[in-house]
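Residue strings, one per chain:
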Amino acid sequence: MKYKFPHYLFIAPLAIALSCGGTKNTGISSAKEEKLPIDRKVDSVLALMTLEEKAGQMNQYNGFWEVTGPAPKDGAAALKYDHLKKGWVGSMLNVKGVKDVRALQKIAVEETRLHIPLIFGFDVIHGYKTISPIPLAEAASWDLEAMQHSAEIAAAEAAASGLNWTFAPMVDVSRDARWGRVMEGAGEDPYLNSRIAEARVKGFQGNLGEFSVAACVKHFAGYSFAEAGRDYNTVDISDNTLHNIILPPFKAASEAGALTFMNSFNELEGIPATGNAYLQRDILKDKWNFKGFVVSDWGSMGEMISHGYAKDMKEAAMKAANAGSDMDMESYGFVTHLAALVREGKVSEANVNDAVRRILRVKFMMGLFDDPYKYCNEAREQQTIGKKEFHDGVLDVAKKSIVLLKNEKNLLPLKKDGQKIAVIGALANDKTSPLGSWRIAAADGTAVSVLEGLKKYTGNTLTYAKGADVAVGTIAFGSETHINMTDKSGFAEAVTAAKSADVIIMVLGEHGLQTGEGRSRADLSLPGVQQELLETVYKANPNIVLVLNNGRPLTIPWAAKNIPAILEGWQLGTEAGNAIAQVLYGDYNPSGKLPMSFPKSIGQVPLYYNHKSTGRPGNGQPTESVFWSHYIDIDNAPLYPFGYGLSYSKFEYSNLKMSSNSFSKDGKITVSVDVKNISGVEGKEVVQLYLQDLVASVTRPVRELKGFELTAIRAGQSKTVTFTIDEKLIEFYTANKKFEAEPGDFKLWIGGDSNTTMEASFTYTN
Ligand code: NOJ
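Starting from 1, residues in each chain are numbered consecutively following that chain's sequence as written. It should be noted that, the model being predicted, local features are given only for residues of pLDDT at least 70 and side-chain atom pairs only at 80 or more, the latter also being counted only at that level, while totals for whole chains, interfaces and linings use all residues. No hydrogens and no water enter the side-chain calculation; it runs on all heavy atoms of the structure.

A.B. asks: Please set out a nonpolar patch on the surface residue by residue, giving values where relevant.
C.D. replies: Judged by side-chain polarity, Val626, Phe627 and Ile632 come together as a nonpolar surface patch covering roughly 380 Å² of accessible area. For the purposes of this entry, the term helix denotes a DSSP run of H or I that reaches at least four residues, the term strand denotes a run of E that reaches at least two, and both are numbered from the N terminus. Here phenylalanine 627 is to be found in the loop between helix H22 (576-584) and strand S17 (651-658). Note that patches include only residues with greater than 30% relative accessible area and no salt bridge, and the join distances are 9 Å for like charges and 5 Å for nonpolar side chains (Val, Leu, Ile, Met, Phe, Trp, Tyr). What sets the accessible areas is the Shrake-Rupley method with a 1.4 Å probe; for residues, cover comes only from the shown protein chains. The rule for a salt bridge is simple: a side-chain nitrogen of Lys or Arg has to be within 4 Å of a carboxyl oxygen of Asp or Glu.

So this is what it looks like as structure tokens:
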């Protein structure tokens, strides 16, 4: 059905002119009006809206109606239905599929007074139906192009299914692996997070055409710093950490053109993010000049009551509106109270107008006013979702996301013929877990399992034994799931299979829903009896390749010491098993590097490479002394550091050269290094640059990632990789409470992980 151009774009300039007391009516023609700049079009709509309709634009509801059934008659659904018809809903979430989207959009644009289209949001986090690796895994690829492409695939499928807005990327810098949502972001480093945020925003939004969705950068801000890694817990961080660690990826995403932001559940400086004007107004909208809108997190406006920051929903709505929250996700706060709050003078109408303008602007930019059914094309939906090229795309990024943690005894790559291989572990035969958390339209059982991937290589004989289930706690909505926490009855079969095998592939780790929102863990070891299974099989035959499937760093010190080969295989999405098999067999040479440090013990967490020095860092302490910052029962170092990962190739770094040892304001220097592939196999290496600002107005981290290059190097070949260091790169949030570069001495390191010792130094003068 062709959408009829709504009347307001014809009459609105007149309305504006009148409402502004103006006398100039420039004459109205539809052709002319269509060419108006977006802000004038927005104003033309705004001028026609009642206060209730404005509050309605700021209201987002969860899906409530089975569109093939009768219209809802009672309860919350009936209320939502009524609001929808009145034009009191600006957006819906968790509705998908062209049929459903069209049915709701039809009400908005054909039955309401002003015909304003809805914008439809969904958590398309790492794919819609064709699922990519979880974002943490993708971050391990350090391959920005691949991640952008993965976001493009997600956007294309989601947009084909009626959606025009995804609640991604999550750019929360995550230092605490207990927090289940580390799977959803790009790990512990602000620089890496920033580059990936840009790539993902570009991937989702593209040219804002019919295969694009608006991005939503979340969670603004500080959410990942929940105390003790417990989701939704209190956050108490310094302004220094906020500006230097947490905010940079948000700023990068905003500068990359992200159209929306989502605030967060946590408090910051005692003020919940949803009611936090410092974050939403001062920083985001004023300082960064962000022109899009901020949606609250689910019910976070109402949660300000539980936080003890608002006495009731009306006060919560007032505080949220005044603090710059533009859209209320499912709290019913704005739709119920905002108009009254304006009439009572507690929220200014200018504030409301600003929020509504922002929302309308995004709708215009997404083309929804031109054609509210732009995303509702059944034929496109059918042709697009699950395309072969999307499967190829997610397979490609899945392979790139795999990290080789250990490879001794030449176990990997596997020989292709004549081997007896025992495959052990419930996850090896799991077609659901690899999809990970947030899998939207992908049905259970649609991933390629590791076993299926391995079976495609027919030269070897495979035997499979489950050994033990992956033990899980409460992981699914509304259902207590406690699977096999202690059952060892499958051990004997696993041992028998191991005894007669040349090589054993053990696939162990976490269930796909054991990470994600609300899935914090107080223990980071292999869940259930999997560790015991590993040790039991090892006694029977130590030729084990351990393939980890997990959504967060795990504590596996025993495996790191004893198991000869370990491959970090995360939750890699629809093509997981194919990706893992191709890496195991050497058809793909792994190049992933960890985006989060792996701790030795949970007691070290939060653990991150870019920590501060402390006054007692331990360097040069007499060995008999205990009075330095350490544990008496374990050392401080991670099991595997940030940036770490092996390859079937071997790389040698040499010839670190700097163009000069100093530079001044507006100047720059370059630093280069030669990286030689000294093996007989072509491979890729992520060359990493770290800096340390030795003395500053506020203390600085011991080292910080400031550049990286993923480079392919043929066997025996050498490549020179060059980085540029300028003032911008060394800026930080100083004691002056602003970003600036301070003169002084710096150290730099270049290498293949954050522990690299190849160093140089330079001075910055101004
Ligand atoms: C709550 C989560 O924190 C947020 O990330 C998500 O986008 C919303 N729910 C909507 O599902």
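What follows picks up the thread again.
A.B. asks: Explain helix H19 (residues 491-499) to me, using residue names and the numbers behind them.
C.D. replies: Three or more residues of H19 are buried, namely Phe491, Ala494, Val495, Ala497 and Ala498. Seen end-on, H19 carries its buried residues on one side only, within an arc spanning 165 degrees. Turned more than 90 degrees away from the buried face of H19, the exposed residues are Ala492, Thr496 and Lys499. On its buried face, H19 sits against strand S12 (420-424), strand S13 (461-465), strand S14 (503-509) and helix H20 (530-540). Only protein chains enter the area calculation, which uses a 1.4 Å probe; residues under 20% of their type maximum are buried, those over 50% are exposed, and those in between are partly exposed. As used here, the arc is the angular range of directions from the helix axis to the C-beta atoms. Every residue pair with non-hydrogen atoms within 4.5 Å of one another is taken to be in contact.

A.B. asks: Which residues make up the domain arrangement of the protein, and what values do they have?
C.D. replies: Domain limits in this description derive from either an automatic procedure or a database domain assignment. Considered domain by domain, the protein is made up of domain 1 (51-382), domain 2 (397-604) and domain 3 (651-765). On a C-alpha basis, the centroid separation for the pair domain 2 and domain 3 is 35 Å. Residue-level contacts link five residues of domain 2 with eight residues of domain 3. Here the quantity called buried area is the accessible surface, traced with a 1.4 Å probe, that two parts lose on coming together, added over both. Roughly 470 Å² of surface becomes buried between domain 2 and domain 3 when both sides are summed, with 43% attributable to carbon and sulfur atoms. Contact with domain 3 buries area across many residues of domain 2, yet Asn589, Ser591 and Lys593 alone supply 87% of it, more than any other trio. Linking domain 2 to domain 3 there are one salt bridge. The residue lysine 593 makes a salt bridge to glutamate 685 at a minimum N-O spacing of 3.0 Å. We define a polar contact as two N or O atoms separated by no more than 3.5 Å, with the added condition that, inside protein, one atom must be a possible hydrogen donor and the other a possible acceptor, whereas residues neighbouring each other in sequence contribute only through side-chain atom pairs. Here domain 2 is connected to domain 3 by four residue pairs in polar contact (both at pLDDT 80 or more).

A.B. asks: Report on the site of the ligand, specifying residues and quantitative values.
C.D. replies: What makes a residue near a molecule or strand is one non-hydrogen atom of that residue sitting within 4 Å of it. Inspection of the region around the ligand gives Leu93, Asp123, Phe167, Arg181, Lys218, His219, Met262, Phe265, Asp297, Trp298, Met329 and Glu517 as its neighbouring residues. A distance of 2.4 Å is found between an oxygen atom of the ligand and a side-chain nitrogen or oxygen belonging to aspartate 123. For the ligand, an oxygen atom lies 2.7 Å from a polar atom in the side chain of arginine 181. Protein contact buries 94% of the 300 Å² of open area that the ligand shows by itself. The residue classification treats Ala, Val, Leu, Ile, Met, Phe, Trp, Tyr, Cys and Pro as nonpolar and Asp, Glu, Lys and Arg as charged. All others, Gly included, are polar. Along the lines of polarity and charge, the residues of the shell around the ligand split into six nonpolar, one polar and five charged.

A.B. asks: Tell me what's going on with the nonpolar core, and back it up with residues and numbers.
C.D. replies: To qualify as a nonpolar core, a set must consist of buried Ala, Val, Leu, Ile, Met, Phe, Trp, Tyr and Cys residues joined through side-chain atoms within 4.5 Å. In terms of nonpolar packing, the biggest core is built from 110 residues, with Phe220 and Phe250 touching the most fellow members. The residues contacting phenylalanine 250, other than those within four sequence positions of it, are Val171, Asp172, Val217, Lys218, His219, Phe220, Ala221, Phe261 and Trp288. Membership of the second largest hydrophobic core comes to 85 residues, among which are Ala465, Phe491, Leu639 and Tyr640.

A.B. asks: If you had to explain the sheet that holds strand S18 (residues 662-664) to someone new, which residues and values would you point to?
C.D. replies: Criterion used throughout: strands pair if DSSP finds at least two bridges between them. Reading across from one edge, S18-S26-S25-S20-S21 is the order of the five strands in this open sheet, with mixed pairing throughout. Looking at strand neighbours, the two that pair on one side only are S18 and strand S21 (704-713), the edges of this open sheet. With strand direction ignored, the average angle separating the axes of adjacent strands in the sheet is 25 degrees. Bridge count between strand S20 (residues 683-693) and S21: nine bridges; the pairing is antiparallel. Among the inter-strand pairings, lysine 684 is bridged to a residue of S21, identified as alanine 712. Axis definition: a line fitted to C-alpha atoms, limited for helices to the stretch in contact. Angles are taken between N-to-C directions and run from 0 to 180 degrees.

A.B. asks: Would you mind going over the pairing of strand S26 (residues 759-765) in detail, with residue names and values included?
C.D. replies: Residue alternation in S26 divides its side chains into a buried set, Ala760, Phe762 and Tyr764, and an unburied set, Glu759, Ser761, Thr763 and Thr765. The pairing of S18 with S26 spans three bridges and is classified as parallel. Looking at S26, one finds that serine 662 is bridged to threonine 763. Here strand S25 (residues 744-751) pairs with S26 via six bridges, running antiparallel. Bridge pairing links leucine 748 to alanine 760 in S26.

A.B. asks: Tell me what's going on with the pattern of salt bridges, and back it up with residues and numbers.
C.D. replies: A complete count under the given rule lists 42 salt bridges for this structure. We note a salt bridge from arginine 357 to aspartate 43, for which the minimum N-O separation is 2.7 Å. Of this pair, arginine 357 sits in helix H15 (residues 349-365) while aspartate 43 sits in helix H3 (residues 38-46), and the two are 314 residues apart along the sequence. Its relative accessible area of 34% is what places arginine 357 among the partly exposed residues. Accessibility expressed as a relative area gives 25% for aspartate 43, which makes it partly exposed. The partner of lysine 218 in a salt bridge is aspartate 123, with the nearest N and O atoms 3.2 Å apart.

A.B. asks: Go over the packing of aromatic side chains, please, and point to the residues and values.
C.D. replies: Pairing of aromatic rings covers Phe, Tyr and Trp, the last counted by its six-membered ring, and requires centre-to-centre distances within 6.5 Å; plane angles under 30 degrees mean stacked, over 60 mean edge-to-face, and any other angle means tilted. Applying the stated criterion across every chain, the model contains 27 aromatic pairs. Residues tryptophan 142 and phenylalanine 642 carry aromatic rings whose centres are separated by 5.5 Å and whose planes lie at 50 degrees to one another, so their mutual orientation is tilted. Taken together, the residues span a long stretch of sequence, with tryptophan 142 in the loop between helix H7 (135-139) and helix H8 (144-160) and phenylalanine 642 in the loop between H22 and S17 at a distance of 500 residues. We classify tryptophan 142 as buried; its relative accessible area is 1%. Between phenylalanine 250 and phenylalanine 261, the ring centres sit 5.9 Å apart and the planes meet at 40 degrees, which makes this aromatic pair tilted. Here phenylalanine 250, found in helix H10 (residues 239-255), pairs with phenylalanine 261, found in strand S6 (residues 260-263); they are 11 residues apart in sequence, far enough to count as distant. This pair shows no difference in class: phenylalanine 250 is buried, exactly as phenylalanine 261 is. By way of ring pairs, the aromatic residues Trp142, Tyr191, Tyr609, Phe642, Tyr690 and Phe708 are connected into one cluster. A ring is considered to have a charge above it if a Lys NZ or an Arg CZ atom is located within 6 Å of its centre and within 35 degrees of its normal. Seen from the ring of tyrosine 373, arginine 102 lies directly overhead, with NZ or CZ sitting 5.1 Å from the centre. We note arginine 195 situated over the ring of tyrosine 191; from NZ or CZ to the ring centre the distance is 4.7 Å.

A.B. asks: Got a sec to walk through the environment of aspartate 396? Specific residues and values, please.
C.D. replies: The residue aspartate 396 is located in helix H17 (residues 388-401) in this model. Sequence spacing of aspartate 396 and asparagine 240 is 156 residues, and the spatial spacing of their C-alpha atoms is 38 Å.

A.B. asks: Would you mind going over the packing of H17 against H22 in detail, with residue names and values included?
C.D. replies: Taken N-terminus to C-terminus, the directions of H17 and H22 make an angle of 50 degrees; their axes are 8 Å apart at the nearest point. Our classification of the angle between H17 and H22 gives oblique. Here the hand of the crossing between H17 and H22 comes out right-handed. Of the residues in H22, those touching H17 at Leu395, Ala398 and Lys399 are Asn578, Ala579, Gln582 and Val583. Residue classes in the contact of H17 with H22 are distributed as four nonpolar, two polar and one charged. Each angle is binned into one of four classes, with values under 35 degrees roughly parallel, values over 145 roughly antiparallel, values of 65 to 115 roughly perpendicular, and all other values oblique. Take the far helix as your reference; a near helix turned counterclockwise from it by less than a right angle gives a left-handed crossing, and one turned clockwise gives a right-handed crossing.

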